[in-house]
Amino acid sequence: MCSLEKRGNIFILTLTGPGEHRLNPTLLDAISAALSQVRADSSTSSALITTAEGKFFSNGYDLAWASTSGVLSLDRAKIMSSKLRSIVADLISLPMPTIAAISGHCSAAAVIIALSHDYVLVRNDRGFIYMSELDIGLRIPEWFVSLIQIKVGSPRSQRELMLRAAKLTAQDAVKWGIVDSAHVSADETVMAALRLGENLIGRKWDGHVYAEIRMRMLANVLEKLGYDETVGLTRPRL
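The present account deals with the structure reproduced in this document. (Residues numbered from 1 in each chain as written. Predicted model: local features only at pLDDT ≥ 70, side-chain atom pairs only at ≥ 80, totals over all residues. Heavy atoms only, no water.)

1. Some words on the packing of aromatic side chains
Within this structure, the stated rule accounts for two aromatic pairs. A ring pair is formed by tryptophan 143 and phenylalanine 144, whose centres lie 4.6 Å apart and whose planes are at 85°; its orientation type is edge-to-face. Residues tryptophan 143 and phenylalanine 144 agree in their burial class; the two are buried. Where tryptophan 205 meets tyrosine 210, the ring centres are 5.8 Å apart and the plane angle is 25°; that geometry is what we call stacked. The class for tyrosine 210 is buried, based on a relative accessible area of 18%. Taking NZ or CZ as reference, arginine 76 lies 4.5 Å from the ring centre of tryptophan 65, over its face. (Phe/Tyr/Trp six-rings, centres within 6.5 Å; stacked < 30°, edge-to-face > 60°. Buried < 20%, exposed > 50% of the residue type's maximum accessible area, 1.4 Å probe, protein only. Lys NZ or Arg CZ within 6 Å of the ring centre and 35° of its normal.)

In structure tokens:
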């Protein structure tokens, strides 16, 4: 499901295996447990990199798991929403800089996980950034929209993501200000993330102060995490 490695003061959380890394309860729980371990083992100055093996970073929610006889189960959708929102809350409150190193296709809820990091790097030779909800007939939760509005400043870029369901290449995503940089391969994307992480650690910031500032910047997102109107679910205990 996922692995956690520590190189010096940099934690590397990797979604493992060759599949699509669909966000079902098993994978979401594994990510949550890894983030709890990162929080427990962090030093005064640390950083987190999240990446994945194979040609997918993640293809979003596991809609096959959430469906019964081809119909989306509200109860199962509630479970996925609850677990995803807990992960996003953990990322926003994590006491260190966070970097998403997108190694391949990144769709829907996986885009939200990536944007919940402070920096987003992407490989240039494979994969799309793709908010697929419009194409598959699913509403985008208000808290998704709130995060995108904060992290993707241009209304035109927000339109490309949400109202055009554009499959954005790495260069498109850089051009539209959705990611920070593009790199020639998955390995180089991770290496660039490591270089960035070392640079950030070198600033020797207090991680708790860093997290407090981030939480204030994203206060509107944290407030909206309390409810997902697409599944009628109130906030879980975090």
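After that view of the structure, there is still more to cover.
2. Some words on the pairing of strand 3 (residues 47–52)
Burial analysis of strand 3 places six of its six residues in the buried class, the great majority of the element. Where burial is concerned, the two faces of strand 3 agree: the one with Ala47, Ile49 and Thr51 and the one with Leu48, Thr50 and Ala52 are both buried. Here strand 2 (residues 10–15) runs beside strand 3; their pairing, made up of six bridges, is parallel. Its bridge partner being in strand 3, leucine 13 is matched across the sheet by threonine 50. Following the backbone out of strand 2, through helix 1 (residues 25–41) and into the adjacent parallel strand 3, one traces a crossover that is right-handed. Two elements, strand 3 and strand 7 (residues 98–102), share three bridges in a ladder whose sense is parallel. Across the sheet, the residue bridging to threonine 50 is alanine 100, located in strand 7. (Helix = DSSP H or I, 4+ residues; strand = E, 2+ residues; numbered from the N terminus. Pairing = 2+ DSSP bridges. Right-handed = clockwise from strand over helix to strand, strands pointing away.)

3. A short note on the pattern of salt bridges
Overall, the coordinates contain ten salt bridges when judged by the stated rule. Taking the shortest distance from any N to any O, the salt bridge between aspartate 29 and lysine 83 comes out at 2.8 Å. Here the residue aspartate 29 occupies a position in helix 1, and lysine 83 occupies one in helix 2 (residues 74–93), the gap between them amounting to 54 residues. Owing to a relative accessible area of 24%, lysine 83 belongs among the partly exposed residues under this scheme. When the shortest N-O distance is used, the salt bridge between arginine 195 and glutamate 188 registers 2.6 Å. Several salt bridges share partner residues, and in doing so they unite Arg159, Glu160 and Arg164 into one network. (Salt bridge = Lys/Arg side-chain N within 4 Å of Asp/Glu carboxyl O.)

4. Observations regarding the side chain of serine 58
Relative to the helices and strands, serine 58 resides in strand 4 (residues 56–58). Among the polar contacts made by the side chain of serine 58, one reaches the main-chain carbonyl oxygen of histidine 21 at a distance of 2.7 Å. With sequence-adjacent residues up to four places away left out, serine 58 is seen in contact with Leu15, Glu20, His21, Leu23, His105, Cys106, Ser107 and Ala110. (Polar contact = N/O pair within 3.5 Å; in protein donor to acceptor, adjacent residues only side chain to side chain. Contact = heavy atoms within 4.5 Å.)

5. Quick word on helix 5 (residues 142–151)
What helix 5 keeps buried is the set Trp143, Phe144, Ser146, Leu147 and Ile148. The inward-facing, buried residues of helix 5 abut helix 2, helix 3 (109–115), helix 4 (133–136), helix 6 (155–162), helix 10 (219–224) and strand 12 (227–228).

6. Let's talk about the packing of helix 1 against helix 2
Packing of helix 1 against helix 2 leaves a shortest axis separation of 10 Å and a crossing angle of 20°. Considered as vectors, helix 1 and helix 2 are oriented roughly parallel to each other. When you trace helix 1 past helix 2, the crossing you get is left-handed. Contacts between helix 1 and helix 2 involve Pro25, Leu28, Asp29, Ile31, Ser32, Leu35 and Arg39 from the first element and Ile79, Met80, Lys83, Leu84, Ile87, Asp90, Leu91 and Ser93 from the second. The residue inventory of the contact of helix 1 with helix 2, partitioned by class, reads nine nonpolar, two polar and four charged. (Axes fitted to C-alpha atoms, helices over the stretch in contact; angles between N-to-C directions. Parallel < 35°, antiparallel > 145°, perpendicular 65-115°, else oblique. Left-handed = near helix turned anticlockwise from the far one by under 90°. Nonpolar A, V, L, I, M, F, W, Y, C, P; charged D, E, K, R; others polar.)

7. Description of the sheet that holds strand 3
In a beta sheet, neighbouring strands pair by backbone hydrogen bonds and run either parallel or antiparallel. Taken together, six strands build an open sheet; the order of strands is 1-2-3-7-9-11 and the sheet is mixed. Sheet topology places strand 1 (2–7) and strand 11 (181–183) at the edges, where each strand pairs with a single neighbour. Within the sheet, the average angular offset between the axes of one strand and its neighbour, ignoring direction, is 20°. Where strand 1 and strand 2 come together, six bridges link them in antiparallel fashion. Its bridge partner being in strand 2, arginine 7 is matched across the sheet by isoleucine 10.

By themselves these figures say nothing about function.
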